[in-house]
Amino acid sequence: MSRLKTHYDPFGNPNDEYSWSDYGYCGTYISDGNSSGYRPSVTCKKCKKIFEKADAEVAIARLNELKDMQSFVDFMNDSKKK
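Here is a short report on the structure shown in this document. These figures come from a predicted structure and were not determined experimentally.

### As for the environment of glycine 33
Argument step 1. By secondary structure assignment, the location of glycine 33 is in the loop between β1 (7-8) and β2 (35-36).
Argument step 2. For glycine 33, a relative accessible area of 77% gives the class exposed.
Argument step 3. Taking the C-alpha atoms as reference, glycine 33 lies 7.9 Å from threonine 6; in sequence the two are 27 residues apart.

### Thoughts on the environment of phenylalanine 11
Argument step 1. Relative to the elements of secondary structure, phenylalanine 11 occurs in the loop between β1 and β2.
Argument step 2. A residue is classified by how much of its surface remains accessible, and phenylalanine 11, at 29% relative accessible area, is partly exposed.
Argument step 3. Along the backbone, phenylalanine 11 and serine 21 are 10 residues apart, and their C-alpha atoms lie at a distance of 7.2 Å.

### As for a positive patch on the surface
Argument step 1. Side chains of Lys5, Lys45, Lys46, Lys48 and Lys49 sit close together on the surface and give a patch of like positive charge.
Argument step 2. Inspection of the secondary structure assignment puts lysine 45 in helix α1 (residues 45-49).
Argument step 3. Taking relative accessible area as the criterion, lysine 45 reaches 66% and is therefore assigned exposed.

### A few points about the packing of aromatic side chains
How two aromatic rings sit relative to each other is set out by the distance from centre to centre and by the angle between their planes.
Argument step 1. Taken as a whole and judged by the stated rule, the model has 3 aromatic pairs.
Argument step 2. Pairing tyrosine 8 with tyrosine 25 gives two aromatic rings, centres 6.3 Å apart and planes at 40°, and the pair type is tilted. Here the residue tyrosine 8 occupies a position in strand β1, and tyrosine 25 occupies one in the loop between β1 and β2, the gap between them amounting to 17 residues.
Argument step 3. Judged by its relative accessible area of 25%, tyrosine 25 falls in the partly exposed class.

### What to know about the nonpolar core
Argument step 1. Counting residues in hydrophobic clusters, the biggest one holds 6 residues: Tyr8, Val42, Cys44, Cys47, Phe51 and Ala54.
Argument step 2. Setting aside residues no more than four positions away along its own chain, valine 42 makes contact with Thr6, His7, Tyr8, Ser36, Cys47, Lys48 and Phe51.

### Remarks on the pattern of salt bridges
Argument step 1. Counted by the stated rule, this structure contains 3 salt bridges.
Argument step 2. The salt bridge partner of arginine 39 is glutamate 52, with a shortest N-O separation of 3.9 Å. Taken together, the residues arginine 39 in the loop between β2 and α1 and glutamate 52 in helix α2 (residues 51-81) connect sequence positions 13 residues apart.
Argument step 3. We classify arginine 39 as partly exposed; its relative accessible area is 31%.
Argument step 4. What makes glutamate 52 exposed here is its relative accessible area of 55%.
Argument step 5. Among the salt bridges present, the one from arginine 62 reaches glutamate 65, with a minimum N-O distance of 3.4 Å. Here glutamate 65 and arginine 62 lie together in helix α2, a separation of 3 residues that amounts to about one turn.
Argument step 6. Accessibility expressed as a relative area gives 36% for arginine 62, which makes it partly exposed.

Rules behind the numbers
- Residues numbered from 1 in each chain as written.
- Predicted model: local features only at pLDDT ≥ 70, side-chain atom pairs only at ≥ 80, totals over all residues.
- Heavy atoms only, no water.
- Helix = DSSP H or I, 4+ residues; strand = E, 2+ residues; numbered from the N terminus.
- Buried < 20%, exposed > 50% of the residue type's maximum accessible area, 1.4 Å probe, protein only.
- Patch = residues over 30% accessible without salt bridge, like charges linked within 9 Å, V, L, I, M, F, W, Y side chains within 5 Å.
- Areas by Shrake-Rupley, 256 points an atom, 1.4 Å probe, with all protein chains shown as cover.
- Salt bridge = Lys/Arg side-chain N within 4 Å of Asp/Glu carboxyl O.
- Lys, Arg positive; Asp, Glu negative; His and termini not counted.
- Charge placed at Lys NZ, Arg CZ, Asp CG, Glu CD.
- Phe/Tyr/Trp six-rings, centres within 6.5 Å; stacked < 30°, edge-to-face > 60°.
- Core = buried A, V, L, I, M, F, W, Y, C linked by side-chain atoms within 4.5 Å.
- Contact = heavy atoms within 4.5 Å.

Written out as structure tokens, the structure reads:
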């Protein structure tokens, strides 16, 4: 009996069943329970090799989210002034 490898999914949220990705960073389809955003629990060798690349992409995505949120806040503040 083989165990499923655990793939890296830094966007997954254990408190939200809809936030999980369809594919791990290595390109493998993720089925229920075989992904994690917690690095020490990842067992896929391909995912482990690209931790830094994946984390850099996550940082860019998070920064873009923050910029979008700030743009919305600025818009709302400007509309209140009028």
